[in-house]
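What follows is each chain in one-letter form.
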Amino acid sequence: MFYFFVRRLAVMVPTLFVISVLIFIIIQLPPGDYLSTLVSELEAQGENVDQEKLDFLRQQYGLDQPLLQQYALWLKGMLQGDFGYSFEHNRPVVQVVGDQVLLSVIIAFATILFTWVVAFPIGVYSATHQYSTGDHVLTFVGFLGLATPNFLLALILMYLANVYFGTSIGGLMDPKYLDQPWSWGKLVSILEHLWVPVIVIGTSGTATLIRRLRANLLDELQKAYVVTARAKGLSETRLLLKYPMRVALNPFIADIGNLLPALLSSAAIVSVVLSLPTTGPLLLKALQSQDMYLAGFLLMCLSLLTVIGMFLSDLALAALDPRIRLTGGRQK
Amino acid sequence: MSDHRGPAPTPLGHYVSDAPFDPSETEEVTAEQERLYTSSGWRLMWLKLKRHRLAVYSGYVLIALYGSILISEFLAPYSLTHRHTDFIYAPPQGIHLFHDGKLAAPFTYGLKYRLNMENLRREYTTDETKRYPVRFLCRGDVYDFWGLFEASLHLLCPGEGGTLFLFGTDRLGRDLFSRIIYGARISLTVGLFGIIFSMVLGIIFGGLAGYYGGIVDSVVQRLIEVIRSFPELPLWMALSAALPVTWSPILIYFGITLILGLIDWTGLARAVRSKFLALREEDFTAAAELMGARPSRIIARHLVPNFTSHLIASATLSIPSMILGETALSFLGLGLRPPVTSWGVLLSEAQSINAVALYPWLMIPGLAVVVVVLTFNFLGDGLRDAADPYH
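Residues numbered from 1 in each chain as written. Chains lettered and ligands numbered in written order. Predicted model: local features only at pLDDT ≥ 70, side-chain atom pairs only at ≥ 80, totals over all residues.

## Observations concerning the overall build of chain A
For clarity, the threshold we go by: Labels follow the DSSP assignment, with helices taken as runs of H or I lasting at least four residues and strands as runs of E lasting at least two, numbered in each case from the N terminus. With C-beta atoms placed from the backbone, a residue is labelled by how many other C-beta atoms lie within 10 Å of its own: buried for 20 or more, exposed for 12 or fewer, partly exposed between the two. Contact between two residues is assigned whenever their backbone-derived C-beta positions fall within 7 Å.
In terms of regular secondary structure, chain A is built from 17 helices and two strands. Scored against the burial criterion, the 332 residues of chain A give a buried share of 36%. If you take every contact in chain A between residues at least 6 apart in sequence, the share linking residues at least 24 apart comes to 70%.

As structure tokens, this is what we get:
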């Protein structure tokens, strides 16, 4: 197990390195940089440009140097905890981002919980009652969940929540709690607002997981050991819980790796629609205004989240399934 | 599983058939079986697909939808940009068949517009005194048919002096129904071009990894893992934000399809790789190798045809995510931009909560997206089951 742990940890380093290279290329893709855009904009408006500050920033982040050196500077800064400067907000990136990454993590975590809690019973029901009316209805609802653009679902649910529960529109808490210290009321308000994004973001993941669990469980239920157990007189519930379920459970853990990128993906757009204070809207703005270090940092955070999530899911999988622990890799 | 309790069955006596035994006798094969045994893999796949009714119906719907983009101008009652300045944010109008309990030719009622001065809302009421029979195969807005000739023939037109807003109008008074029909052109083809690009990449990378194995395989596998660990949408957002603003709408369109394909190929590459690994061990591959065929010939001639069906099935299943991706990007304003009209661009008008509360019909393009994505999923599921005809 220890060997597996170390090996898995070692794989993460080159992965993150390649990711950082890709992100740097992406944020460098738009022609020109933020400073030149800013200068031309300000000059067009006939305003003065603080030349000293521009020069300082240009030098600090090596914007006048070749790309390779810029990348080296960026990477070095990140390793030392300096994630760059947000040109638009005029502050270091870390200060701009603040709690937003944390809130993203909270939402992702809540969504995974929601996905599991919903997908598990439905998947088991669908598999044990194959081709029943309930199965057909649930399968269809699952398909619908996959097919509906989640930003549309977000709009509709937000509207319904406002009409029927009087939840304030947008944001993650009631406006009166903004910038207030944490209190019981604030927590309740957050929980009240959290369910809409969690449902919306979780829908497609839940639908996928239901289908996978159903298929896996159906495969297992046809195997000989199930017949043997049944022939020995085990009750259906006991039988189900004791053998096939344990095998079919693997995807729940293994899927975190696939689920997390999808979750963060839909979280990004849903947050824009619901104006949640997470990384999504910030990223959109940063991309639109070519605020490259902010965008790069946010992309890096999101990728780091998924890489760590995959790492954790691999560890959990290895702990659960000796086959994976012994062969040292995920079997697909 | 049924219970087998009850009295023990009496054992069967030993039975020997009286018929003379002839070892050279072959089994009778009916003409129907004969046809089945000798039919090609594609035919078997079709036979199996036919049994999956939902998939077949979905296929018909998709063919109809894709066919419609050839003649959008003819199907849409109005042109893409026709603005009805008197009818801004008009609600959907129904086509009626009965008036005063009597059957009549299909018609629409007149629309009465009033600006409510208290809350400044536009209020429309139907005016039942006026009736406008809908015309079929009629002259309407002039359009340029695929740049070939000018025409003005439409399938449906409003009655003289009347209006026909099946799905209502938008903030500029443009007919939403017509715009959805035109939007299908962009939204449906984005997925198609994207998937072609992604299939090419998937076959190349998956094929290389699967055929050569070893270090090539590890490198490609790592690359796939890295790309998959990116959240798709933020990456799409970043890449499409990098498209120069100065590009023409057509270039942006191809840029977007390219971006969609660039991220999506990993799933296909994995499928191709695993198929390659399996097929590489088959006898016919070894035979071809011994006869001195080059790798490119083996791949193109012996391996690819063997999993084309699988490839088509997986491709069908990944088109929906591209259509949803385009919709999301355009909704955020990072993808296609007006005057290009796609369903995502149409939906970007329904961005505020106001739209949901006051003009819910602006979300109808979303319904079109749902229908297309659902049918692609059903068809893809059916194809995937049918792709293994010997199973």
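## As for the overall build of chain B
Short version of the rule: Both definitions apply: the radius of gyration is a C-alpha atom measure, and the globule rule equals 2.2 Å times residues to the power 0.38.
From N to C terminus, chain B includes 13 helices and five strands. For 391 residues, the compact-globule estimate of 2.2 N^0.38 gives 21 Å, and chain B exceeds it by more than 25% at 29 Å. Evaluated residue by residue, chain B yields a buried proportion of 38% over its 391 residues. Partitioning the contacts of chain B with sequence separation of at least 6, the portion at a separation of at least 24 is 71%.

## A word on unusual backbone geometry
Here Leu137 of chain B, not a glycine, exhibits a phi torsion of approximately 45°, which is positive. Note on placement: Leu137 of chain B falls in strand β4 (residues 135-145).

## Let's talk about the packing of helix α14 (residues 256-274) of chain A against helix α16 (residues 292-320) of chain A
Packed helices, taken two at a time, are described by their axes: the angle between them and the distance between them. Residue and element names in this part refer to chain A. Stated precisely, the cut-off is as follows: The axes are straight lines fitted to the C-alpha atoms, using for helices just the contacting stretch, and the angles between their N-to-C directions are given from 0 to 180°. Each angle is binned into one of four classes, with values under 35 degrees roughly parallel, values over 145 roughly antiparallel, values of 65 to 115 roughly perpendicular, and all other values oblique. Helix crossings fall into two classes, left-handed where the near helix is turned counterclockwise from the far one by less than a right angle and right-handed where it is turned clockwise. Amino acids outside the nonpolar list (Ala, Val, Leu, Ile, Met, Phe, Trp, Tyr, Cys, Pro) and the charged list (Asp, Glu, Lys, Arg) are all regarded as polar, and Gly is one of them.
With their axes 8 Å apart at the nearest point, α14 and α16 run at an angle of 160° to one another. Considering their axes alone, α14 and α16 lie roughly antiparallel with respect to each other. Considering the relative orientation of α14 and α16, their crossing is right-handed. Judged by residue contacts, Ile256, Gly257, Leu260, Pro261 and Leu264 of α14 engage Leu302, Leu305, Thr306, Gly309, Met310 and Ser313 from α16. Of the residues contributing to the contact of α14 with α16, the split by class is seven nonpolar, four polar and no charged.

## With respect to the confidence of the model for chain B
Residue and element names in this part refer to chain B. What counts, and what does not: Values of pLDDT, which run from 0 to 100, indicate the predictor's confidence residue by residue.
Of the residues in chain B, 96% reach a pLDDT of 70 or more, and the chain-wide mean stands at 81. Taking the mean pLDDT of every element in chain B, the minimum, 74, falls on helix α1 (residues 31-38) and the maximum, 90, on helix α3 (residues 53-68). For this predicted complex, the interface confidence score (ipTM) comes to 0.78, while the overall pTM stands at 0.80.

## Digging into the domain arrangement of chain A
Residues and elements named next belong to chain A. The condition that has to hold: For the purposes of this description, domain bounds are those given by an automatic or database domain assignment.
Per the domain assignment, the segments of chain A are domain 1 (2-92) and domain 2 (96-328). Contacts between the two partners involve 24 residues from domain 1 and, on the opposite side, 20 residues from domain 2. When the residues that make up the side of domain 1 that touches domain 2 are grouped by side-chain class, the tally is 13 nonpolar, six polar and five charged.

## Regarding the nonpolar core
This is how the line gets drawn: Put simply, a nonpolar core is a cluster of buried Ala, Val, Leu, Ile, Met, Phe, Trp, Tyr and Cys residues tied together by C-beta atoms within 7 Å.
Ranked by internal contacts, the top residues of the largest apolar core, which has 152 residues, are Ala154 and Ala295 of chain A together with Ile180 and Met237 of chain B. Here the element with the most residues in this core is helix α5 (residues 176-212) of chain B; it accounts for 16 residues. Counting the residues that make up this core, at least three belong to each of domain 1 (2-92) and domain 2 (96-328) of chain A. Once you skip the residues sitting within four places of it in the chain, Met237 of chain B turns out to touch Leu283, Leu284 and Leu287 of chain A together with Leu329, Leu332 and Leu334 of chain B.

## Quick notes on the sheet that holds strand β3 (residues 121-133) of chain B
Residues and elements named next belong to chain B. The following threshold applies: For two strands to be treated as a pair, DSSP must find no fewer than two bridges joining them.
In space, the three strands of this open sheet follow the order β1-β2-β3, with antiparallel pairing throughout. The open sheet terminates on both sides in strands that have one partner only, identified here as β1 (96-99) and β3. When strand polarity is set aside, the average angle formed by the axes of neighbouring strands in this sheet is 55°. Two elements, β1 and strand β2 (residues 102-116), share three bridges in a ladder whose sense is antiparallel. Within the sheet, the bridge partner assigned to His99 lies in β2 and is Lys102.

## Examining the interface of chain B and chain A
The interface of chain B with chain A comprises 33 residues on the first partner and 38 residues on the second. Elements with a contribution of two residues or more to the side of chain B that touches chain A: α6 (214-228), α7 (232-241), α10 (295-332), α12 (353-358) and α13 (364-386) of chain B.

## Details of the packing of α3 of chain B against α5 of chain B
All names here are of chain B. Packing of α3 against α5 leaves a shortest axis separation of 9 Å and a crossing angle of 105°. Comparing their axes, α5 and α3 come out roughly perpendicular. Two secondary-structure elements touch here, α3 through Leu65, Tyr66 and Ser68 and α5 through Ile181, Ala184 and Leu188.

## Here we look at the confidence of the model for chain A
The share of residues in chain A with pLDDT of 70 or more is 85%, and the mean pLDDT across the chain is 78. By mean pLDDT, helix α17 (residues 322-327) of chain A is the weakest element of chain A at 67, and helix α10 (residues 224-231) of chain A is the strongest at 88.

## Some thoughts on the pairing of strand β5 (residues 149-157) of chain B
All names here are of chain B. Here seven bridges tie β4 to β5, and the two strands are oriented antiparallel to one another. Across the sheet, residue Arg139 finds its bridge partner in β5, namely Leu153. Between β4 and β5, which pair antiparallel in sequence order, lie three residues; one of them, Trp146, sits at a positive phi of approximately 50°.

## A short note on the environment of Lys186 of chain A
Along the chain, Lys186 of chain A turns up in helix α9 (residues 184-221). A sequence separation of 104 residues divides Lys186 of chain A from Gln290 of chain A, and the C-alpha atoms of the two residues are 34 Å apart.

## Comments concerning the environment of Trp116 of chain A
All names here are of chain A. Mapped onto the elements, Trp116 comes out in helix α6 (residues 100-128). Residue classification places Trp116 among the partly exposed positions, given that 18 C-beta atoms sit within 10 Å. In the structure, Trp116 is positioned 90 residues away from Thr206 in sequence and 7.4 Å away in space, judged by C-alpha atoms.

## Some details on the environment of Leu274 of chain A
Residue and element names in this part refer to chain A. With respect to the helices and strands, the residue Leu274 is situated in helix α14. On the basis of neighbour count, Leu274 is assigned to the buried category, with 25 C-beta atoms found within 10 Å. Sequence separation between Leu274 and Asn250 is 24 residues; the distance between their C-alpha atoms is 34 Å.

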